[in-house]
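Understanding the architecture of this molecule
Each chain, written out:
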Amino acid sequence: MSGVETAGSLAFQISSAVNNPGESPFPEPEKYVVCNIVQKPVWVMPLFFPKDPDVEVTEGGVTTKVLLVS
Amino acid sequence: MNLSRSRLISSQKKNPSPTFLPLDLVNYNLSWRPPGPIENTSGHVTPEGAQMVHGFMETYIGTDQTDLSKEISMTGSVRSEPPLLACSDHYTEFIRHKKIKLVTGKVTRSSLNTIEIADGFGNTQTISDIAAIVCATGFDASASLSFLPGDILEKLQFSPGSDEFPLALNVHSTVNRKIPSLGFVGFYRSPYWGVMEMQARFLSALWSGDSKSAKALEDDTTINSMLKLRQDPRRAQFPMGDYAYLMESFASILSITRQEPPSSLSDTKTGIVLPPRYLPSSASPSSQREAKLSLEIIDRIFSSSASQGKFVARAVFRALQGIWHLDRKISSKLETFPSGSLNGTASFLPRSPTEEGKDMEYLYFEEGEFRPSWGGTMSAKRR
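Residues numbered from 1 in each chain as written. Chains lettered and ligands numbered in written order. Predicted model: local features only at pLDDT ≥ 70, side-chain atom pairs only at ≥ 80, totals over all residues. Heavy atoms only, no water.

Overview of the overall build of chain B
Scanning chain B for helices and strands turns up 10 helices and 13 strands. Here the C-alpha radius of gyration of chain B, 27 Å, is well above what a compact globule of 383 residues would show, namely 21 Å. If one aligns the C-alpha atoms of chain B with their principal axes, the spans along those axes are about 90 × 65 × 50 Å. For chain B, long-range pairs separated by at least 24 residues make up 57% of all intrachain contacts whose partners lie at least 6 apart in sequence. (Helix = DSSP H or I, 4+ residues; strand = E, 2+ residues; numbered from the N terminus. Rg over C-alpha atoms; globule rule 2.2 N^0.38 Å. Contact = heavy atoms within 4.5 Å.)

Structural data, given as structure tokens:
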């Protein structure tokens with residue numbers, strides 16, 4: 001599990017402690033912040049991705065979906 | 001219309017209504033690869049290769065992440081460096097909401113309640129009032145290899161400091177020519193099930209006396225690339241990350257013919273790399289049935305994504321996370337209740353689902369100033 005996933009899961013647990021009904025599993029959860037110490041910037045992809053984020057626009061206004069080459 | 005002319009003046013813009021798919025069904029598309037045998041695109045990353053992947057990520061993610069925080073901004077010299085990727089549904093919006101704070105640097109000192117971080121340019125900062133420290137600093141395979149006797153480790157050129165390739169192995173990290181009776185499956189960073197299956201098939205063919213597999217081991221050059229990558233500062237994040245190449249390479253050694261989608265033309269490479277497309281001819285009827293079933297399920301996923309907007313709601317719902325500006329005009333039909341305008345914020349705060357079987361849930365909360373048409377202001381809140 002990467003630091004991104006770990007930090008995301010921790011922040012999610014804190015957010016749940018603040019926002020779920022009932023008593024929080026630990027006191028004053030709203031006061032917690034996750035500090036993620038990183039060395040380089042990372043692209044963070046959500047688990048669902050657009051298949052066709054770009055479209056090609058041609059002269060006649062015809063729009064074709066294009067695939068990008070990775 | 002002149003095709004080349006129209007192509008010249010065509011331009012790309014953001015698709016206002018893209019279709020969505022699970023991440024793995026967007027990547028690894030064979031039709032994106034140039035004609036001919038599939039070559040390895042992973043391992044060493046050139047600056048040009050890096051720029052291409054960074055550009056691809058920006059297109060698919062939709063921003064260069066500068067909008068989130070400068071620490072995660074993908075601009076400047078980083079665009080020529082090997083790209084680093086991670087997956088998370090909530091992380092980015094927690095950054096925007098300042099629930100995750102990014103600090104660039106390395107921890108140089110820590111005590112019970114304070115840590116010191118140096119950024120490599122002579123700047124240090126401290127973080128205090130710490131509740132817990134989590135070391136998400138990676139997995140080290142070297143420690144778990146200590147069960148192997150010293151002479152074997154030596155033959156395998158064991159390098160405990162090499163995170164990616166602690167052992168020197170042939171044929172995509174499966175076996176070393178000097179000890180052909182010792183095999184490894186899934187022994188590389190971030191292995192895929194499909195590749196592990198192929199590695200296991202390769203080993204079983206090798207150990208059953210298959211001459212093609214023996215020849216592949218004899219002629220192998222992947223070990224040379226592997227050893228070079230150990231020292232390479234431009235090594236990819238996942239140095240054996242080219243799933244398509246690995247699958248195709250093993251398929252060719254094992255004489256497995258990739259199954260093509262029924263509608264595709266012959267001699268074309270198309271579709272996503274999926275393990276059930278790579279069944280050996282010796283596969284049992286029940287594995288063949290299972291593979292067929294899996295491919296049908298995946299086909300249905302593609303077609304409902306393409307024609308019924310499947311996953312759009314999932315993608316939109318995820319993206320709601322965080323705090324939004326709220327401007328609402330209220331025109332009341334009840335005389336006793338005022339018309340007016342509400343200005344404030346609407347918050348979608350993630351929490352674990354309170355109903356079983358649900359995937360995602362927010363606490364919705366809005367607050368702001370309500371200005372009734374008859375004058376004055378009052379604060380308003382709603383959960």
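Regarding the overall build of chain A
Helices and strands together make up the secondary structure of chain A, namely one helix and five strands. Secondary structure of chain A in N-to-C order comes out as α-β-β-β-β-β. The proportion of buried residues among the 70 residues of chain A is 47%. Partitioning the contacts of chain A with sequence separation of at least 6, the portion at a separation of at least 24 is 20%. Carbon and sulfur atoms provide 58% of the accessible area of chain A, an area that totals close to 3,700 Å². (Buried < 20%, exposed > 50% of the residue type's maximum accessible area, 1.4 Å probe, protein only. Areas by Shrake-Rupley, 256 points an atom, 1.4 Å probe, with all protein chains shown as cover.)

Quick word on the interface of chain A and chain B
Contact residues are listed per partner, giving 50 residues for chain A and 72 residues for chain B. Across the chain A/chain B interface, buried area totals approximately 6,100 Å², and carbon plus sulfur atoms make up 66% of it. Per-residue buried area on chain A facing chain B is highest for Trp43, Phe48 and Phe49 of chain A; these three make up 16% of the total on that side. Our enumeration of links across chain A and chain B arrives at zero salt bridges. Our count for the contact surface shared by chain A and chain B stands at 27 residue pairs in polar contact (both at pLDDT 80 or more). Of all elements in the fold, only helix 1 (3-19), strand 1 (34-38), strand 2 (43-45), strand 3 (48-50) and strand 4 (54-57) of chain A reach the threshold of two or more residues within the side of chain A that touches chain B. (Buried area = accessible area lost by both parts, 1.4 Å probe. Salt bridge = Lys/Arg side-chain N within 4 Å of Asp/Glu carboxyl O. Polar contact = N/O pair within 3.5 Å; in protein donor to acceptor, adjacent residues only side chain to side chain.)

Remarks on the sheet that holds strand 7 (residues 124-128) of chain B
Each strand in a sheet pairs with its neighbour through backbone hydrogen bonds, running either in the same direction (parallel) or in the opposite one (antiparallel). Residue and element names in this part refer to chain B. Spatially, 5-6-7 is the arrangement adopted by the three strands of the open sheet, whose pairing is antiparallel. This sheet does not close on itself; its edge strands, each paired only once, are strand 5 (106-110) and strand 7. Each strand of the sheet is rotated relative to its neighbour by a mean of 30°, with strand direction disregarded. With four bridges connecting them, strand 5 and strand 6 (residues 114-118) associate as antiparallel partners. In the sheet register, Arg109 faces strand 6, and the bridge partner there is Glu116. (Pairing = 2+ DSSP bridges. Axes fitted to C-alpha atoms, helices over the stretch in contact; angles between N-to-C directions.)

Brief notes about empty space enclosed by the protein
Here the structure, examined in full by the defined rule, presents one cavity of 30 Å³ or more. Of the voids in this model, the largest cavity is the one considered here, and its volume is about 50 Å³. Lining the largest cavity we find Val4, Val38, Lys40, Pro41 and Val42 of chain A together with Glu71, Ile72, Tyr91 and Leu102 of chain B. Residues of the lining of the largest cavity, tallied by class, amount to seven nonpolar, no polar and two charged. (1 Å grid on protein atoms, 1.4 Å probe; cavity = no way out; pocket = protein on both sides within 12 Å on 5 of 7 lines; lining within 4 Å. Points joined across faces, edges and corners; volume = space filled by probe spheres on them. Nonpolar A, V, L, I, M, F, W, Y, C, P; charged D, E, K, R; others polar.)

What to know about the pairing of strand 11 (residues 340-351) of chain B
All names here are of chain B. Pairing analysis gives nine bridges linking strand 10 (residues 322-330) to strand 11, with the strands arranged antiparallel. What sits directly across from Ile330, in strand 11, is Gly340. Pairing geometry for strand 11 and strand 12 (residues 361-372), over 12 bridges, is antiparallel. From the neighbouring strand, Gly344 faces strand 12, where its bridge partner is Gly368.

Section: the pattern of salt bridges
Any two side chains of opposite charge can pair, so long as their charged atoms come close to each other. All names here are of chain B. This model, assessed by the stated rule, comprises 21 salt bridges over all chains. With its nearest N and O atoms 3.2 Å apart, the salt bridge here joins Glu296 to Lys292. With Glu296 and Lys292 both in helix 9 (residues 285-308) and four residues apart, this pair spans about one turn of that helix. A salt bridge links Glu361 to Arg351; the nearest nitrogen and oxygen atoms lie 2.7 Å apart. You can see Glu361 sitting in strand 12 and its partner Arg351 sitting in strand 11, a full 10 residues away along the chain. Where salt bridges share partners, they join Glu248, Arg258, Glu260 and Arg277 into one cluster.

Section: the confidence of the model for chain B
The predicted model of chain B averages 91 in pLDDT, with 95% of residues at 70 or higher. Across the interfaces of the predicted complex, the ipTM metric reaches 0.89, alongside a pTM of 0.89. (pLDDT = per-residue confidence, 0-100.)

Brief notes about the confidence of the model for chain A
Counting all residues, the mean pLDDT for chain A is 85, and 79% of those residues have values of 70 or more. Scored below 50 in pLDDT, residues 64-70 of chain A makes 23 contacts in the model with residues more than four places away or belonging to other chains.

Quick notes on the sheet that holds strand 10 of chain B
Strand order across the open sheet formed by four strands is 10-11-12-13 (chain B), with antiparallel pairing between neighbours. Among the strands making up the open sheet, the edge pair consists of strand 10 and strand 13 (378-382) of chain B. Recorded for the sheet is a direction-independent mean angle of 20° between the axes of neighbouring strands. Across the sheet, helix 1 of chain A touches strand 11 and strand 12 of chain B, and the angle it forms with strand 11 of chain B is around 125°.

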